[in-house]
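Chain by chain, the residues run as shown.
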Amino acid sequence: MACTDNPNNNITTYSEADLINKKVDSLIKIMTLKEKIGQMNQYNGFWDVTGPVPDEGDAEKKYEHLKNGLVGSMLSVRGTKAVRAVQKIAVEESRLGIPLIIGFDVIHGYKTLSPIPLAEAASWDLEAIEKSAQVAAAEASAVGINWTFAPMVDISRDPRWGRVMEGAGEDPFLGSKIAVARVKGFQGDDLSAVNTIAACAKHFAAYGFSEAGKEYNTVDIGSSTLHNVALPPFKAAVDAGVKTLMNAFNEYDGVPSTGNEYLLRDILKDEWNFKGFVISDWASIKELVVWGYAKDKKDAAKMAVLAGSDMDMESHIYISELEQLVKDGIIEESIIDDAVSRILTVKFELGLFDDPYRYCDETREKEVVNSQKHMDAVLDMAKKSIVLLKNENDLLPLKKEGQNIALIGALANEKNSPLGSWRIASKDNTAISVLEGMQNYKGNNLVYKKGADVSVGDTQFVNELTINTTDKSEFKDAINAAKKADVVVMVLGEHGFQSGEARSRTDINLPGVQQDLLEEVYKVNKNIVLVLNNGRPLSINWADNHIPAILETWQLGTQAGHAVAQVLYGDYNPSGKLPMTFPRNVGQIPIYYNHKNTGRPVSDTNNPNLVFWSHYSDVENTPLYPFGHGLSYTSFKYENLVLEKTVFGMDENIHVSVDVSNTGKVTGKEVVQLYIRDLVASTTRPVKELKGFELIELQTGETKTVKFVLNKASLGFYNNQGRFIIESGEFEIFIGGSSYTTLNSRFELK
Ligand code: GLC
C-alpha cells in the first residue's frame, strides 16, 4: 500500500516500508560515526556468554565493543540462552540499544537436517525444497537465529570443487528456480514472523568457477558466462526479495569480489536495484591485502566499502579503519550511512526493534526443534532427492520377504556422514543409517558387514581426513556374506567431510579401498545394488559397466536411512533427476550439458579417419550420466511434441505441448524437461538450454498433455557487454526426461 493523501480528512497514510525508512533515517541522525561503523561489524560467537568472559584471544575486545554498541551482528552463537545473553549486552548496556542480527550457516537445516542442497536440487520439486527451507527457518528462529547464510546459489560445472554439495548444480535455470524456492522458504511472506529468517544469497559472484575446482582459487571466466550462467540465480534471488547477499572469496576478472564495484554496485545495487545489504565472507576484506589488491588494512577497508561491501565478517577492519578514513575525507560519510541504513532496515523488518528477544523463546525451542512434523518433512525431501541411475533386469525394487540380503559398506552403518559437512548445528551421529532403515523391513534375512572403513582416525570438522587406502582386513567377512546372499546392497562413497568447503579432490573415484571391495564382492555375487553416498558427482565407470542397479543417494540428512530403504523396497518410486553431469573421469572436467557446439563438434564418430574434431582420444566423449538423467521403477513415453505454429512474433507467447504416458507397471513421477537451442546468434549459444520443467505423476497407463509457454524472456541472452538481448532467428525445442532427449521441433522468431 503506497503512501497516500486522503482528501476527505487530510490524513496521510504511510506504507510499512515508508515507516521503516523514517525510523532508520531518524535513528541514523542520532548515531555517532563510531556507532554507525559498529553496525557494519560482525563478530563470531566467541565464548559461552552465560559464563565468564575468557581472557584469552580477542574475547575481551569483542565484549567491550558489544557493550559500547560497536557490533552490528554476531554469527555462530548457539542456542537461545547464548543469543539472549549477547543480545542483552548489546541492547541493555549500549547507548542506543540497537539489537544484533544473529546469523548462522543454516545450510540445509538446523538440528533436523534435510538432504544436502545438491541432493535437494535432484528432486526438481520446488514445493518440497521451499518446505525444507521453512523447516530450517522454523528451527533456527526458535533458537534465536534470525539470519541464515543460505541459499548458496553458486553454479558449478566442476565436481572436484567440494562446495558443489552446497549448491543446485550446473544449470542457471534450475538454479534460479531453486534459489527462489529457498529464499521464499526461509523468509516467508512476513519477515517479522517468529518462524521466518532473513536469507543470504551467496557467494557473489562466480565462486563455483574456481579454477581447476581448487578451493579459494582464482576465477577467470568471460562476461558471457558470468551473465548467462553465474549471475541468473542471484538475480532471481534478488527479484524474490532476498534480504542479504554474501560476497565471494574469489576474484572476478582480476578484481576480488569483496572489492569489486562492478559486481556489487554497478550490477547488484544499481542495475538490479538491490535494497538489502552485502556481508563479506569470513575475513574476505582482510584478504584483499593477501590477494595483493590492497596494500594494507586501511586500503582494504576503503576498497571494500567503496565497492559496496556493507558488513565486515570477522576481519575487524571496518571497526578499526573506517572512522579515520571518514575523518580524513577519504570516505564520504554518506557511504557509511547507506550501508548502515541497509543493515538497520533489515533489523526493523525482522521486528528486532519491537522485541530484540522475540526469537529467544525456550518454550518454542523445545516444541519446534526435532519435531515429528520436521522429521516427516525431511524424510519426504530425502526420498524425492534419490536418483535411480541404473536398474538392469528390474533388480530394484527388492523383494520384501524370503530373501537373503547382504548389506556391505562402512557407510551403510554411518549415522554421521549422511548429515553432510554443513551440519554444524546438528548433533553428530543423529542420522538414521541405511542399516537401521533396512532393519525396518523384517521379511528378509539381513546380514551387515562393514567390508572396509572409508576413513581412519578422528574425523574432526577442521582436520583433513585420513582415508583408508590399505586396510582390507574385513573384506573376507563381507565376501563370505555376499556368497550366501540373493542380493547384495553395497553402500559406498564419500565420508561426510570429503566434500564441502575446503574439500576439493583431484580424484573423483570411489575413495580408498572401496572400489577393490566392490570388485571383490562382484566376483562372488553379481546381484549387486550400489547405493552411493556422496557430496559430488563421482566417476563410477567400472560400476556402470558391471553393477546392475545404482542409486544416487547423496547425503540425505537426518532421515537418510528410512528414505533409502523405502526406495530400495519400492515404497517410494524414485523420481530424482541429476542436477549435475557425472563425468567418466576427472580428465573430462568441466563437462556439462549446456556446452557450445564449437567449430568442430563430434559428428560421425564411427569414421576412423576422423581425427580433427573436438574430442579426447582416450575416452568416450560423452558423460557417464548426463544432466537431467534419472530412471524410475516404471517407464515413460514422450510423443506428439506440438507447437501451435512455426513462426512467432517477438512479443508473442510460444505455446508448446507434449504427451507423456506411463507405460510401466507402477505409478511414477517424471520431471518433464524443456530445452531450447538458439541456432544462430550474435554470440555463440549452447547446444541446449533448460527453459522449463514440470514434475508430474502418472498412474499406470495414464497419459498427460504437458504444456509450456515460452516468451521472449526465455529466448533472450546476455551478450558479452552484459546486455540482455533478444534476436530473431531459428530455434530448436527439445522435450524429454533428460538433457539427452532427441524429441524436437523447430520454430522461427521474427
Ligand atoms: C565460510 C563460508 C561461508 C560461510 C561463512 C560463515 O568461510 O565461505 O559460506 O557462510 O564462512 O561460516
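Higher on the page you've got the structure.
Caption draft 1: A look at the overall build of the protein. Of regular secondary structure, the protein possesses 22 helices and 30 strands. Computed over its C-alpha atoms, the radius of gyration of the protein comes to 27 Å, within 12% of the 27 Å expected for a compact globule of 750 residues. A principal-axis box enclosing the C-alpha atoms of the protein has dimensions of 75 × 65 × 55 Å. Counting every position in the protein, which comprises 750 residues, the buried fraction comes to 61%. Considering only intrachain contacts with a sequence separation of at least 6, the fraction spanning at least 24 residues in the protein is 78%. Taken as a whole, the protein presents about 28,400 Å² of accessible surface, with 48% of it coming from carbon and sulfur. Taking the average place of the 78 positive charges on the side chains of the protein and the average place of its 99 negative ones, the gap between the two points comes to 2 Å.

Caption draft 2: View of the site of the ligand. Contacts to the ligand come from Leu75, Asp105, Phe149, Arg163, Lys202, His203, Met246, Phe249, Asp281, Trp282, Met313 and Glu501. Residue His203 places a side-chain N or O atom 2.7 Å away from an oxygen atom belonging to the ligand. One nitrogen or oxygen atom from the side chain of Asp281 is found 2.6 Å from an oxygen atom belonging to the ligand. In isolation the ligand has 310 Å² of accessible area, and contact with the protein removes 92% of it. Looking at the shell around the ligand, its residues break down into six nonpolar, one polar and five charged.

Caption draft 3: Quick look at a negative patch on the surface. On the surface, Glu261, Asp266, Asp270 and Glu271 cluster together into a negatively charged patch. Tracing the backbone shows Glu271 in helix α10 (residues 261–271).

Caption draft 4: Quick peek at the side chain of Arg536. Turning to its location among the elements, Arg536 is positioned in the loop between β19 (528–533) and α20 (541–546). For Arg536, a relative accessible area of 0% gives the class buried. Side-chain polar atoms of Arg536 contact the side chain of Glu494, separated by 2.7 Å. There is a polar contact of 2.9 Å between the side chain of Arg536 and the backbone oxygen of Gln498.

Caption draft 5: Fine view of helix α12 (residues 297–307). Regarding α12, the residues found buried are Asp299, Ala300, Ala301, Ala304, Val305 and Ala307. Where α12 is buried, its residues contact α10, α11 (287–290), α13 (318–327) and α14 (333–349). Where α12 begins, the capping side chain belongs to Asp296, and its oxygen is found 3.2 Å from the backbone nitrogen of Lys298. One or two residues past the end of α12 sits Gly308, with phi positive at roughly 120°.

Caption draft 6: The arrangement of the side chain of Glu670 in detail. Topologically, Glu670 is positioned in strand β24 (residues 668–678). Only 2.7 Å separates the side chain of Glu670 from the side chain of Tyr638, close enough to count as a polar contact.

Caption draft 7: Summary view of the sheet that holds strand β5 (residues 101–104). Taken together, the five strands give an open sheet; going across it, the order is β6-β5-β4-β3-β12, and neighbouring strands pair in parallel fashion. Edge positions in the open sheet fall to β6 (147–148) and β12 (312–313), since each of these has one partner strand only. Of the pairings in the sheet, the one linking strand β4 (residues 73–75) to β5 comprises three bridges and is parallel in character. Among the inter-strand pairings, Met74 is bridged to a residue of β5, identified as Ile102.

Caption draft 8: Inspection of the pattern of salt bridges at higher detail. Evaluation of the coordinates by the stated rule reveals 43 salt bridges. In this structure, the salt-bridge partner of Lys269 is Asp310, at a minimum N-O distance of 2.8 Å. One end of the pair, Lys269, is in helix α10; the other, Asp310, is in the loop between α12 and β12, with 41 residues separating them in the sequence. One exposure class covers both Lys269 and Asp310, and it is buried.

Caption draft 9: Here's a closer look at the packing of aromatic side chains. This model, assessed by the stated rule, comprises 21 aromatic pairs. Plain terms: the ring middles of Trp124 and Phe627 are 5.5 Å apart, the flat faces sit at 50° to each other, and that makes the pair tilted. Here Trp124, found in the loop between α5 (117–121) and α6 (126–141), pairs with Phe627, found in the loop between α21 (560–568) and β21 (636–643); they are 503 residues apart in sequence, far enough to count as distant. Residues Trp124 and Phe627 agree in their burial class; the two are buried. For the pair Tyr593 and Phe627, a centre-to-centre distance of 4.5 Å together with 15° between the ring planes defines the contact as stacked.

Caption draft 10: Seen up close, the sheet that holds strand β30 (residues 744–749). The five strands lie next to each other as β22-β30-β29-β24-β25, forming an open sheet whose pairing is mixed. With one partner strand each, in any of the chains shown, β22 (647–648) and β25 (689–698) form the two edges of the open sheet. Inspection of the sheet shows β22 paired to β30 by two bridges, in the parallel sense. From the neighbouring strand, Val647 faces β30, where its bridge partner is Glu748.

Caption draft 11: Looking closely at the packing of helix α3 (residues 59–67) against helix α4 (residues 80–93). Axis separation between α3 and α4 bottoms out at 7 Å; the angle between their running directions is 45°. Our classification of the angle between α3 and α4 gives oblique. Contact with α3, carried on its side by Tyr63, Leu66 and Lys67, involves Val86, Ile89, Ala90 and Glu93 of α4 and no other residues of that element. In terms of residue class, the contact of α3 with α4 is made up of five nonpolar, no polar and two charged.

Caption draft 12: Up close: α21. Of all nine residues in α21, nine are buried, a share of seventy percent or more. Listed as buried for α21 are Ala560, Gly561, His562, Ala563, Val564, Ala565, Gln566, Val567 and Leu568. A positive phi of about 80° marks Gly570, the residue just after α21.

Caption draft 13: Examining unusual backbone geometry more closely. In this chain, Phe204 is followed by Ala205 through a cis amide linkage whose omega measures 5°. Within the element layout of this structure, Ala205 appears in the loop between β7 (200–204) and α8 (223–230). In the Ramachandran plot, Ala206 falls in the positive-phi region, its phi being about 75° despite a non-glycine side chain. Among the secondary structure elements, Ala206 is positioned in the loop between β7 and α8. The residue Thr598 is not glycine, and still its phi comes out positive at about 65°.

Caption draft 14: Up close: the pairing of strand β20 (residues 549–552). The side-chain alternation of β20 yields two buried faces, one formed by Ala549 and Leu551 and the other by Ile550 and Glu552. Sheet topology note: the strand β13 (residues 387–391)/β20 ladder contains four bridges and is antiparallel. By the bridge assignment for β20, Lys390 is matched with Ile550. The pairing of β19 with β20 spans four bridges and is parallel. The residue bridging Leu532 from the neighbouring strand is Glu552, located in β20.

Caption draft 15: View of the environment of Glu251. Note that Glu251 resides in strand β9 (residues 251–252). Taking C-alpha positions, Glu251 is 9.6 Å from Leu288, a pair spaced 37 residues apart along the chain. Once you skip the residues sitting within four places of it in the chain, Glu251 turns out to touch Thr218, Val219, Pro256, Ser257 and Trp291. Among the polar contacts listed, one links the side chain of Glu251 to the side chain of Thr218, at a separation of 2.2 Å.

What counts as what
Residues numbered from 1 in each chain as written. Predicted model: local features only at pLDDT ≥ 70, side-chain atom pairs only at ≥ 80, totals over all residues. Heavy atoms only, no water. Helix = DSSP H or I, 4+ residues; strand = E, 2+ residues; numbered from the N terminus. Rg over C-alpha atoms; globule rule 2.2 N^0.38 Å. Buried < 20%, exposed > 50% of the residue type's maximum accessible area, 1.4 Å probe, protein only. Contact = heavy atoms within 4.5 Å. Areas by Shrake-Rupley, 256 points an atom, 1.4 Å probe, with all protein chains shown as cover. Lys, Arg positive; Asp, Glu negative; His and termini not counted. Charge placed at Lys NZ, Arg CZ, Asp CG, Glu CD. Near = heavy atom within 4 Å. Polar contact = N/O pair within 3.5 Å; in protein donor to acceptor, adjacent residues only side chain to side chain. Nonpolar A, V, L, I, M, F, W, Y, C, P; charged D, E, K, R; others polar. Patch = residues over 30% accessible without salt bridge, like charges linked within 9 Å, V, L, I, M, F, W, Y side chains within 5 Å. Salt bridge = Lys/Arg side-chain N within 4 Å of Asp/Glu carboxyl O. Pairing = 2+ DSSP bridges. Phe/Tyr/Trp six-rings, centres within 6.5 Å; stacked < 30°, edge-to-face > 60°. Axes fitted to C-alpha atoms, helices over the stretch in contact; angles between N-to-C directions. Parallel < 35°, antiparallel > 145°, perpendicular 65-115°, else oblique.

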